[in-house]
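Secondary and tertiary structure notes
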Amino acid sequence: MKKIIILSFFVFSLFTISAQVSKTVSITAGGLYGSLTNYDLLNVTDLTITGTIDARDFEILRDSMPVLATIDMSGTSVVAYTGTGGTENYTTSVVYPADTIPQYAFFNVMMGTAIASLTSIVLPNTILATGNSSFKFCNTLHSVSFPASLLAIGDDSFTSCNSLGVVTLPPSLKIIGNDAFYSCGYITSLNIPSTVTTIGSSAFYGLWYVASLTIPPSVTAIGSYAFEDCGTITSIDLPSAITTIPSGLFSGCTGFTSYIIPSNITSVGGQAFAYITKLESITIPPSVTTFGLWPFIGCSGLRSITVSSPTPLVISNSSSFLTGIDTLQCILHVPYGSGNLYKAANGWKSFNVVEDNYFALSTQSITVAGAQSSIVKMKIVSNTALTLSSDQSWVVVTNPNDSTLVFSATANPGFARTATVSVAASGVTSKTISVTQLCDTVYSHSVTSGSLGSMIPYSDRSTITHLTLTGTIDARDFDVIRDSLPNLSFVDLTNTTIAAYSGTQGTIANYSIDYPANAIPTYAFYGRQNFQTILL
């Protein structure tokens, strides 16, 4: 019988301890303790508070309610309090500001322990900030509802809250303090609102299960080690207002395999990329002028460093810069033409220096004559194999050496036509060349002295490549041949007679000249380098 009584008492006690006990109270600041019975203090698990509260009431929630699991204080306002009865437990008077969750609200700094039962809390709708260490070490806390009024999360506010899962920060937030979510290792999702301007040191240390984190353009300050040991994140883009990668910012972010330092960065802090063992490649822009100590310590997998400055950055402490990098395995990619400078520069010379692939074109448009097998050569500069292609079959381009492209075209039977030739190389931005082929127009006509200009329409002049004339011509017609037919390459004058002419419209402009009969005029073909054949 005694065993049955004991067993019944144990079952009753277990039921009592595990039972959910809810309570709603409306109080004025400092009145929480007086509104609860001893039974309430020991047994209430779910508490809803309305009215006004201050630091004294938070001290009761933390230290006098051992099974309290959920708190809804959305209907309260936090008022200021000055005295010794608040959450700091000091014998000296402490000032606790209004609209702020008090410092050490749920973490007893004197005992070094936090409330052990709290699982969720709805914060007051009017608070502006959470005080320093307000929820520190609240290991069972998995849900926090933040109000739209919140402007700042204080230092250490949620340090080591290891049960937090999804954290939704409000769009009003501006400041995330130092160590705000330090070592909250089981958070799976966390947003940084577009209103945030400051992220404190070690604010997100150890967020191991957060797969991605976006920093909004509004952020102008980031503290050191802010993202240290965020091991699942594969990359973090820094906003344009950030000009320095702080010390240890990405230290231990083992999800990174490559990183391109943004062009707005001028300095990289010490240990910025420390112990990222999977980091294989990094790109350093010309804007970077300084590195702190041991920026790549522990980066044993680094195999490629790409620099885009033609002048090597001066490395003042090369042993520190190189610590952790296997320079025998890591290739330093440098701009074309700067290899010798890097091979002689302190620090950089320890790497296997390779100049980047490079090519440059002397022009991006050419004109090809309309005749069969017309050829044009273009000067280039290249240190790599080129891939050449044309979107039209009538033009073929080849690369016989590192300084020349050769364009060969079939005969053009009709109007002028165009093609686009693409030039590509590994690791280099591709370029295009516009190729225009004139039609192979043959113009034959019988003329009288000085009439050629009036006989050829202006619309046809740029298309004529072959000209055959009969009849009589003079210096005026030679002027037209020389200056008005830009693509002319073949001239047949064998069946013409050259007549005398006296005037200002001949081959010497603006002067009245006597041009004799049966003589090629002075300067008749001067300057026409594209003439291939002239039959007189």
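Details of the structure are given in the entry above.
From a predicted model like this one, the values you see are computed outputs, not experimental measurements. (Residues numbered from 1 in each chain as written. Predicted model: local features only at pLDDT ≥ 70, side-chain atom pairs only at ≥ 80, totals over all residues. Heavy atoms only, no water.)

1. Points about the overall build of the protein chain
- For the protein chain, the count of helices and strands is 8 helices and 39 strands.
- Radius of gyration (C-alpha) of the protein chain: 41 Å, far over the 24 Å computed for a compact globule of 536 residues.
- A burial count over the protein chain gives 47% of its 536 residues as buried.
- Considering only contacts within the protein chain whose residues lie at least 6 apart along the sequence, 47% involve residues at least 24 apart.
- Averaging the coordinates of the 19 positive side-chain charges in the protein chain and doing the same for the 29 negative ones gives two points 5 Å apart. (Helix = DSSP H or I, 4+ residues; strand = E, 2+ residues; numbered from the N terminus. Rg over C-alpha atoms; globule rule 2.2 N^0.38 Å. Buried < 20%, exposed > 50% of the residue type's maximum accessible area, 1.4 Å probe, protein only. Contact = heavy atoms within 4.5 Å. Lys, Arg positive; Asp, Glu negative; His and termini not counted. Charge placed at Lys NZ, Arg CZ, Asp CG, Glu CD.)

2. Describing a nonpolar patch on the surface
- Taken together, the side chains of Tyr90, Met110 and Met111 make up a nonpolar region of the molecular surface, amounting to roughly 340 Å² of accessible area.
- Considering the arrangement of structural elements, one finds Tyr90 in the loop between strand E4 (81-83) and strand E5 (94-96). (Patch = residues over 30% accessible without salt bridge, like charges linked within 9 Å, V, L, I, M, F, W, Y side chains within 5 Å. Areas by Shrake-Rupley, 256 points an atom, 1.4 Å probe, with all protein chains shown as cover. Salt bridge = Lys/Arg side-chain N within 4 Å of Asp/Glu carboxyl O.)

3. Here's the deal with the side chain of Thr87
- Checked against the element boundaries, Thr87 lands in the loop between E4 and E5.
- When neighbours within four sequence positions are excluded, Thr87 is seen to be in contact with Ala55, Phe58, Glu59, Arg62, Tyr96, Pro102, Gln103, Tyr104 and Ala105.

4. Examining the environment of Thr420
- Tracing the sequence through the fold places Thr420 in strand E32 (residues 417-425).
- Sequence separation between Thr420 and Val78 is 342 residues; the distance between their C-alpha atoms is 71 Å.
- With near-sequence residues (within four places) excluded, Thr420 lies in contact with Ser389, Ser390, Asp391, Thr432 and Ile433.

5. Here's the deal with the nonpolar core
- Ranked by internal contacts, the top residues of the largest apolar core, which has 101 residues, are Phe227, Phe250 and Phe273.
- The set of elements that each furnish at least two residues to this core consists of strand E1 (22-27), strand E2 (46-53), helix H3 (55-63), strand E3 (70-78), strand E21 (281-284), strand E23 (304-307), helix H4 (318-322) and strand E24 (331-334).
- In this view, Phe227 contacts Ile199, Phe204, Leu213, Ile215, Ile222, Ile236, Leu249, Phe250, Ser251 and Cys253; residues no more than four positions away in its chain are not counted.
- Among the nonpolar cores identified, the runner-up in size contains 20 residues, and Ile380, Val395, Phe407 and Val428 belong to it. (Core = buried A, V, L, I, M, F, W, Y, C linked by side-chain atoms within 4.5 Å.)

6. Here we look at the sheet that holds E32
- An order of E27-E33-E32-E29 is seen for the 4 strands of this open sheet, with the pairing classed as mixed. Strand pairing shows two members of the sheet lacking a second neighbour, strand E27 (365-368) and strand E29 (387-390), which therefore form its edges. With strand direction ignored, the average angle separating the axes of adjacent strands in the sheet is 25°.
- The sheet contact formed by E32 and strand E33 (residues 428-437) spans 8 bridges and is antiparallel. Residue pairing in the sheet places Arg417 in a bridge with Gln437 of E33. (Pairing = 2+ DSSP bridges. Axes fitted to C-alpha atoms, helices over the stretch in contact; angles between N-to-C directions.)

7. A word on empty space enclosed by the protein
- Evaluated as defined, the whole model comprises 1 cavity of 30 Å³ or more.
- In this structure, the largest cavity occupies an estimated 30 Å³ of space.
- Forming the walls of the largest cavity are Val144, Phe146, Phe158, Leu164, Val166, Val167, Thr168 and Phe181.
- Tallied by class, the residues present in the lining of the largest cavity amount to 7 nonpolar, 1 polar and no charged. (1 Å grid on protein atoms, 1.4 Å probe; cavity = no way out; pocket = protein on both sides within 12 Å on 5 of 7 lines; lining within 4 Å. Points joined across faces, edges and corners; volume = space filled by probe spheres on them. Nonpolar A, V, L, I, M, F, W, Y, C, P; charged D, E, K, R; others polar.)

8. Describing the packing of aromatic side chains
- Taken as a whole and assessed by the stated rule, the structure comprises 30 aromatic pairs.
- Arranged with centres 5.7 Å apart and planes meeting at 80°, the rings of Phe146 and Phe158 form a pair that is edge-to-face. Residue Phe146 is found in the loop between strand E11 (143-145) and strand E12 (152-153), and its partner Phe158 is found in the loop between E12 and strand E13 (166-167); the two are separated by 12 residues along the sequence. In this structure, Phe146 and Phe158 share a single accessibility class: buried.
- Pairing Phe256 with Tyr259 gives two aromatic rings, centres 5.8 Å apart and planes at 10°, and the pair type is stacked.
- The exposure class assigned to Phe256 is buried, which follows from its relative accessible area of 0%.
- A relative accessible area of 3% means that Tyr259 is categorised as buried.
- Directly above the aromatic system of Phe359 lies the positively charged group of Lys431, at a separation of 4.4 Å from the ring centroid. (Phe/Tyr/Trp six-rings, centres within 6.5 Å; stacked < 30°, edge-to-face > 60°. Lys NZ or Arg CZ within 6 Å of the ring centre and 35° of its normal.)

9. A look at the environment of Leu341
- Checked against the element boundaries, Leu341 lands in helix H5 (residues 339-344).
- Overall, the relative accessible area of 48% leaves Leu341 in the partly exposed class.
- For the pair Leu341 and Pro170, spaced 171 residues apart in sequence, the C-alpha separation works out to 52 Å.
- With residues up to four places along the chain from it excluded, the contact list for Leu341 reads Pro310 and Pro312.

10. Things to note about the side chain of Ser157
- Tracing the backbone shows Ser157 in the loop between E12 and E13.
- Polar contacts involving the side chain of Ser157 include one to the main-chain carbonyl oxygen of Gly131, which spans 3.2 Å.
- If we ignore the near neighbours within four places in the chain, the residues touching Ser157 are Thr130, Gly131, Ser133, Ser134, Phe135, Lys136, Asp179 and Ala180. (Polar contact = N/O pair within 3.5 Å; in protein donor to acceptor, adjacent residues only side chain to side chain.)

11. Some remarks on the sheet that holds strand E10 (residues 129-130)
- With parallel pairing, 6 strands are arranged side by side in an open sheet as E6-E10-E12-E14-E16-E17. Either end of the sheet is taken by a strand with one partner, and the two such strands are strand E6 (100-101) and strand E17 (221-222).
- Direction of pairing for E12 relative to strand E14 (residues 175-176): parallel, over a ladder of 2 bridges. In the strand pairing of E14, Ile153 is matched with Ile176.

12. Overview of the environment of Val288
- With respect to the helices and strands, Val288 occurs in the loop between E21 and strand E22 (290-291).
- Here Val288 falls in the buried class, since its relative accessible area comes to 4%.
- Along the backbone, Val288 and Phe407 are 119 residues apart, and their C-alpha atoms lie at a distance of 42 Å.

13. So, unusual backbone geometry
- Phi angles above zero are rare outside glycine, and Ser202 is one such case at about 55°.
- The phi angle at Asn518 is positive, at roughly 60°, despite the residue not being glycine.
- Mapping Asn518 onto the fold places it in the loop between strand E38 (513-515) and strand E39 (533-535).
- According to the relative accessible area criterion, Asn518 is exposed, its value standing at 64%.

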